[in-house]
Amino acid sequence: MNRLFLSLSLAILTTSAVCQAKDFAELKPRLVVCTDIAPADVEPDDMESMVRLMAYADLFEIEAIITSVGWNCDPYPVEWAQYLFRVIEAYRKDVTNLMRRSEQQAFLPLEQENKCQHIGYWPSADYIKSRAVMGSIHGGIKVIGEDNDSPGSELLIRLADEGDPRPIYVAAWGGANTLAQAIWRVKQTRTAEELKRFVNKFCIYTITDQDMQYNMRMNRAYSSHQWLRREFKDDLQFIWDEGTWQEQCELGKRHWQQHVDHIQGKGALGKEYPTYKWGVEGDTPSFLYVMPNGLNYPEDPKQAGWAGYHKRELCPDSLTIAWTSWQEPVRNISVGYKTRFYTDELNDFMARMQWADEGKGNRNPQIVINRSKGLQPIHIKAKAGKTIRLDASRSVDPDGDGLTFYWWQQQEIGQTKTTIGNANQPIANISIPADATKETIHIICEVHDNGPYHLVSYRRIYLHLVD
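Before going into details, it helps to say that this report is about the structure given with it. (Residues numbered from 1 in each chain as written. Predicted model: local features only at pLDDT ≥ 70, side-chain atom pairs only at ≥ 80, totals over all residues. Heavy atoms only, no water.)

## Quick notes on the overall build of the chain
- For the chain, the helix and strand inventory stands at 15 helices and 15 strands.
- Taking 2.2 N^0.38 as the reference for a compact globule, 467 residues should give roughly 23 Å; the C-alpha atoms of the chain span a radius of gyration of 22 Å, in line with that estimate.
- Each of the three principal axes of the chain carries a C-alpha extent, and together these read 60 × 50 × 45 Å.
- Looking at the chain as a whole, 61% of its 467 residues are labelled buried.
- Long-range pairs, those at least 24 residues apart, make up 74% of the contacts in the chain with a sequence separation of at least 6.
- Only carbon and sulfur atoms are counted for the fraction: they give 51% of the accessible area of the chain, which is about 18400 Å².
- A gap of 5 Å separates the mean positions of the 52 positive and 61 negative side-chain charges of the chain. (Helix = DSSP H or I, 4+ residues; strand = E, 2+ residues; numbered from the N terminus. Rg over C-alpha atoms; globule rule 2.2 N^0.38 Å. Buried < 20%, exposed > 50% of the residue type's maximum accessible area, 1.4 Å probe, protein only. Contact = heavy atoms within 4.5 Å. Areas by Shrake-Rupley, 256 points an atom, 1.4 Å probe, with all protein chains shown as cover. Lys, Arg positive; Asp, Glu negative; His and termini not counted. Charge placed at Lys NZ, Arg CZ, Asp CG, Glu CD.)

In structure tokens:
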């Protein structure tokens, strides 16, 4: 159906030695973070998001954390990178507690950690520290060129050149100037086809457009982001978030007391979690979007998840096309999903911070549908006028908690509206209208446990309508 499913098939046949994986689908998504992390009195939300990222280090293959230019810092003060290393050192203190969550006994040697990591593996602090580098300290398209290479841009080139077919997700908490520089450098030294393959490796999610100073944020042409969208519109999946991040900030402020009670001060990581200034964790949607929790598939931004919902359309610069949610009705839909999922998202984070603090706590349910385990979406062929039986009764909770079920359809995808029988039971019946045309229907199984924080898991089912 898309390039990753093809890549996975090819990987099993041709590159399994590179990743040393028995089941390629169980590998973590590759994540690069570009952060303008700063002192708490300047902009604390990057520090907040970094703490949360470390609490989920078992779900992401953190390929690089690049300190770089952003709204409040051009040039980026190199001494601010110390705040990143403070979080990494806090993770070092907490990771043995976090490892108990997945019953991990030890770290792999660093040489093996540098290869592909499986979902559930907690990397060593030394591994994460080795992936922390400096990127572009200046912003804007005008600095892209011979004098703008950095350890960050050089690392991005090496990552894309590895024999790994998985996409590289770039989460731009500040500016993505470092990625633009890497692409520019490759453009100078490789053929057009080689450049296309290089760019195609990346998927980027930008929290607004921060490749500039805040007071000039409406000058879209200043930013290298516009150059990326314009020059590589057919090769680079670009998500420009203008909506979900604001809602993340506001919901965090509205639920701040829960952050105080269950996040701040919990473990060494919680002690590094600062009090908000402008909003809470405005950068977090960029990696929630990639999080492998079974709800959405990140190479298809129209699939709703903890980072909202996006549609490919005209950007706020009125010139370029990308995946975004700044205009109605898409903005309202995206914010609606963000609001709907926020309680579960926050509960999940609070539960992980309990593990960081105490080395014990609740864990998420494991959904099994029609005997299929794991997080990958399930593909089922179906016909108009028929009823499809979906059985999640074999789902389990690792802590023995009771489970509640909810089946629903994401109705923004496709035209066919189904009727779901027994939507609150382990076994649901999906009735497809007789006049349905060939398309793919998206059904989600949402399962909560009745343990502390009522943790959630998801599984997405694709019903492919055929003749």
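Back to the text.
## Some remarks on the sheet that holds strand β9 (residues 378–382)
- Pairing is mixed across the open sheet formed by four strands, whose spatial order is β9-β15-β14-β11. Only two strands of the sheet have a single partner each, and these edge strands are β9 and β11 (403–409). This sheet shows a mean twist of 25° between the axes of neighbouring strands, independent of strand direction.
- Inspection of the sheet shows strand β14 (residues 440–449) paired to strand β15 (residues 456–465) by nine bridges, in the antiparallel sense. Pairing of Thr440 across the sheet is with His464, part of β15. (Pairing = 2+ DSSP bridges. Axes fitted to C-alpha atoms, helices over the stretch in contact; angles between N-to-C directions.)

## Focus on helix α8 (residues 177–189)
- Taking 1.5 Å of rise per residue, 13 residues should cover 18 Å, and α8 covers 19 Å from first to last C-alpha, within 8% of that figure.
- The buried count for α8 comes to ten of 13 residues, which makes it a mostly enclosed element.
- Asn177, Thr178, Leu179, Ala180, Gln181, Ala182, Ile183, Trp184, Arg185 and Val186 are the residues of α8 that are buried.
- The inward-facing, buried residues of α8 abut β2 (61–67), α7 (151–161), β4 (168–172), α9 (192–200), β5 (202–207) and α10 (224–231). (Expected span 1.5 Å × (residues − 1).)

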